[in-house]
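Fold and geometry: a report
In case you want the letters, here they are:
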Amino acid sequence: MPVGITTPGYRYCHKLNLRLSATISSVVTSKKPMITSASGSSSTPTNAGAYTTIKETATFEKETKKSKFIAIAGPISNEQSAQSFLNRVKDPRATHNCWAYKVGDQYRSNDDGEPSGTAGKPIHSAIVSSGLDRVMVVVIRYFGGIKLGTGGLVRAYGGVASECLRNAPVCLVKSKVPMGVEVPFDLLGVLYHQLQSFQVEDIKQDYDTGKDGITMVSFKVDFDRVEKLEEAIKANCSRELVFYKH
């Protein structure tokens, strides 16, 4: 959604506490926690740029040979949010609460007492096949008294996970790039008009630049609009401006 902006007048300028360096530093230090993969290694997720995920929690239920399988999928951002999602949707009364999640190249899965590789792995495969990212699927099973066998379990868990994701509403998420620009007071109106046009977020302004008549404006913009925004600002301001990107 476009950001409504009121451009401050010169006489009403007030000093903000944070400089751009502090703003960018806070963005860097507040990155999401590392995700532990199934192999036990850990690293920062590598899916920079854009990814498709589900908008909200989705469910799908199916009965197979008297066993009830309920798949619940939800968007997550890291290992901690995955654990929170699992704690929220699992049913301790169920026979099994099997799950898998994927965040970039990092993933984990769990069979929760089912034969190894018959539950968590097919759920993870369903996530990979869907093309979705930052997603967790929990499949709850209530045993109905008839054993399904290894192949039957793989089809049952993978099948309900796939159907759940297929029916879930999705959205494209673009990563944001922190930027900043030093601009003369008389060009603030022009700058803010461009920022509004590009739907930037988290706009902050700092008058304590140590330069007379110059203020620092920092913001976040979609990764694929950085160059176009910079070009638009330069073209409309018609002056040499100092940009900062991280």
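Parameters and conventions
Residues numbered from 1 in each chain as written. Predicted model: local features only at pLDDT ≥ 70, side-chain atom pairs only at ≥ 80, totals over all residues. Heavy atoms only, no water. Pairing = 2+ DSSP bridges. Helix = DSSP H or I, 4+ residues; strand = E, 2+ residues; numbered from the N terminus. Axes fitted to C-alpha atoms, helices over the stretch in contact; angles between N-to-C directions. Contact = heavy atoms within 4.5 Å. pLDDT = per-residue confidence, 0-100. Salt bridge = Lys/Arg side-chain N within 4 Å of Asp/Glu carboxyl O. Buried < 20%, exposed > 50% of the residue type's maximum accessible area, 1.4 Å probe, protein only. Lys, Arg positive; Asp, Glu negative; His and termini not counted. Polar contact = N/O pair within 3.5 Å; in protein donor to acceptor, adjacent residues only side chain to side chain. Core = buried A, V, L, I, M, F, W, Y, C linked by side-chain atoms within 4.5 Å.

Quick look at the sheet that holds strand S12 (residues 214–222) now. A sheet is described by the order of its strands in space; here four strands give the open sequence S11-S12-S10-S13, paired in antiparallel fashion. The sheet is open, and its two edges are formed by strand S11 (201–206) and strand S13 (242–245), each paired on a single side. Between one strand axis and the next, the sheet turns through 15° on average, direction left out of account. This element, helix H5 (residues 188–197), spans strand S10 (176–184), S11 and S12 of the sheet and lies at about 5° to S12. The strands that helix H6 (residues 226–237) touches are S10, S12 and S13; relative to S13, the one it contacts most, it runs at about 165°.

Turning our eyes to something else, we now look at the confidence of the model for the chain. Looking at the chain as a whole, its pLDDT mean stands at 82, while 80% of the residues score no less than 70. Overall, residues 1–47 carries pLDDT values under 50, and its contacts beyond four positions in sequence, including any with other chains, amount to 72 contacts.

All chains considered together, the criterion is met by 12 salt bridges. In this structure, Glu163 and Arg166 form a salt bridge, with 2.3 Å as the shortest nitrogen-oxygen distance. Of this pair, Glu163 and Arg166 both sit in helix H4 (residues 149–167), three residues apart, which is roughly one turn of that helix. With a relative accessible area of 55%, Arg166 lands in the exposed category. Put simply, Lys234 and Glu230 hold a salt bridge, and the shortest N to O gap is 3.2 Å. Of this pair, Lys234 and Glu230 both sit in helix H6, four residues apart, roughly one helical turn. With relative accessibility at 39%, the residue Lys234 sits in the partly exposed group. On the accessibility criterion, Glu230 (14% relative accessible area) is buried. Bridged by salt links that share partners, the residues Lys176, Glu201 and Asp222 form one connected network.

On to the side chain of Asp111. The residue Asp111 is located in the loop between strand S7 (106–110) and helix H3 (120–130) in this model. For the buried Asp111, no salt bridge exists, and the shortest N-O distance to an oppositely charged side chain is 9.6 Å, to Lys121. A polar side-chain atom of Asp111 sits 3.2 Å from the main-chain amide nitrogen of Ala119. Dropping the residues within four chain positions of it, Asp111 is found in contact with Cys98, Ser116, Gly117, Thr118, Ala119, Gly120 and Lys121.

One broad rule of soluble globular proteins: the nonpolar side chains tend to lie buried together. If you look at the biggest cluster of nonpolar residues, it comprises 24 residues, and the most contacted ones within it are Phe69, Ile123, Val137, Val139, Tyr157 and Leu165. Mapped onto this core, the elements with two or more residues apiece are strand S5 (67–75), strand S6 (96–103), H3, strand S8 (135–142) and H4. Among the elements that take part in this core, H4 stands out by supplying seven residues, more than any other. Not counting residues within four places of it along the chain, the set of residues in contact with Val139 comprises Phe69, Ile70, Ala71, His96, Asn97, Cys98, Ile123, Tyr157 and Val160. In terms of nonpolar packing, the next biggest core, distinct from the first, is built from 23 residues, Phe198, Leu229, Ala232 and Ile233 among them.

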